Amino acid sequence: MKKIEAYIRHERFEAIRAELFAIGLPSLTIIESLGSGRGEAIVEHYRGATETLHMRPKLKIEVVLADEDVEAAIEAILTHAGTGTIGDGKIFVYHVERALRIRTGEEGEEVLESHETEAPA
Ligand SMILES: Nc1ncnc2c1ncn2[C@@H]1O[C@H](COP(=O)(O)OP(=O)(O)OP(=O)(O)O)[C@@H](O)[C@H]1O
Ligand SMILES: [Mg+2]
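Observations regarding the site of ligand 1
Neighbouring ligand 1 are 13 residues, the closest being Arg-38, Glu-40, Gly-87, Gly-89 and Lys-90. Ser-36 is positioned such that a nitrogen or oxygen atom in its backbone is 3.4 Å from an oxygen atom of ligand 1. Arg-38 has a polar backbone atom sitting 2.9 Å from an oxygen atom of ligand 1. Across the complex, the protein chains shield 75% of the 620 Å² of accessible surface that ligand 1 would expose by itself. Counting atoms within 2 Å of the grid points, the majority share of ligand 1 lands in the largest pocket. Class assignment of the residues belonging to the shell around ligand 1 gives a composition of three nonpolar, five polar and five charged.

Let's talk about the sheet that holds strand S1 (residues 2-8)
Read from one edge of the open sheet, four strands run S2-S5-S1-S6, paired in antiparallel fashion. In this open sheet, the two edge strands, each paired with only one partner strand, are strand S2 (29-35) and strand S6 (90-95). Neighbouring strand axes in the sheet, compared pairwise and without regard to direction, differ in orientation by 25° on average. Helix H1 (residues 13-22) contacts S1, S2 and strand S5 (56-65) of the sheet and is inclined by roughly 5° relative to S5. Contacts between helix H2 (residues 70-81) and the sheet are confined to S1, S5 and S6, with S1 contributing the most and set at about 5° to the helix.

Describing the environment of Ala-81
Mapped onto the secondary structure, Ala-81 falls in helix H2. Owing to a relative accessible area of 6%, Ala-81 belongs among the buried residues under this scheme. Considered as a pair, Ala-81 and Leu-25 are 56 residues apart in the sequence and their alpha carbons are 17 Å apart.

Let's talk about the packing of aromatic side chains
Applying the stated criterion across every chain, the model contains one aromatic pair. Taking 6.1 Å as the distance between ring centres and 80° as the angle between the ring planes, the aromatic pair formed by Tyr-7 and Phe-92 counts as edge-to-face. Taken together, the residues Tyr-7 in strand S1 and Phe-92 in strand S6 connect sequence positions 85 residues apart. Judged by its relative accessible area of 26%, Tyr-7 falls in the partly exposed class. What makes Phe-92 partly exposed here is its relative accessible area of 36%.

A closer look at the layout of surface pockets
Within this model, the largest pocket holds a volume of roughly 420 Å³. Together, 17 residues line the largest pocket, and Ser-36, Gly-37, Glu-40, Gly-89 and Lys-90 are the ones closest to its centre. Of all the secondary structure elements, the ones that give two or more residues to the lining of the largest pocket are S2, S5 and S6. Ranked by residue count, the leading element in the lining of the largest pocket is S2, at three residues. Taken together, the residues that form the lining of the largest pocket break down as four nonpolar, seven polar and six charged. What lines the second largest pocket is a set of 16 residues, among which Ser-27, Leu-28, Val-64, Val-111 and Leu-112 lie closest to the centre. Here the lining of the second largest pocket takes four residues from S5, the largest share from any one element.

Rules behind the numbers
- Residues numbered from 1 in each chain as written.
- Chains lettered and ligands numbered in written order.
- Predicted model: local features only at pLDDT ≥ 70, side-chain atom pairs only at ≥ 80, totals over all residues.
- Heavy atoms only, no water.
- Near = heavy atom within 4 Å.
- Polar contact = N/O pair within 3.5 Å; in protein donor to acceptor, adjacent residues only side chain to side chain.
- Areas by Shrake-Rupley, 256 points an atom, 1.4 Å probe, with all protein chains shown as cover.
- 1 Å grid on protein atoms, 1.4 Å probe; cavity = no way out; pocket = protein on both sides within 12 Å on 5 of 7 lines; lining within 4 Å.
- Sits in = over half its atoms within 2 Å of the grid points.
- Nonpolar A, V, L, I, M, F, W, Y, C, P; charged D, E, K, R; others polar.
- Pairing = 2+ DSSP bridges.
- Helix = DSSP H or I, 4+ residues; strand = E, 2+ residues; numbered from the N terminus.
- Axes fitted to C-alpha atoms, helices over the stretch in contact; angles between N-to-C directions.
- Contact = heavy atoms within 4.5 Å.
- Buried < 20%, exposed > 50% of the residue type's maximum accessible area, 1.4 Å probe, protein only.
- Phe/Tyr/Trp six-rings, centres within 6.5 Å; stacked < 30°, edge-to-face > 60°.
- Points joined across faces, edges and corners; volume = space filled by probe spheres on them.

This is how it looks when you write it as structure tokens:
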């Protein structure tokens, strides 16, 4: 199992979410984040004061998925997150040790399976 963490532009989220859903990856988490990439501070001038903004808002998407789904998920994010301009974001991939569904006590990749037989809540 792996975990993808992707920092993206907020306005790209819906296209990414829809594509992940379409390829069988409906389960994910999003987190509002503040961060910096390589040197892109914005200098603002307001009423004579100068402020340098080092931290920019991004949306962080977290998806835990089977190894075999990683490349498709990366492709989906690359396709929909990219504008070709500075600040498009980044993707990180981590190893995941364990996954458990609390309701049933199941453990392992079956916990990650998509919910195709269940109606959406
Ligand atoms: N090495 C890192 N560690 C942790 N978070 C990071 C790292 N690099 C980037 N991030 C996160 O990703 C967000 C997006 O980064 P950003 O797209 O600006 O990367 P970049 O390398 O500067 O690329 P670009 O040249 O397109 O701006 C950052 O705001 C930060 O939250
Ligand atoms: Mg940057």
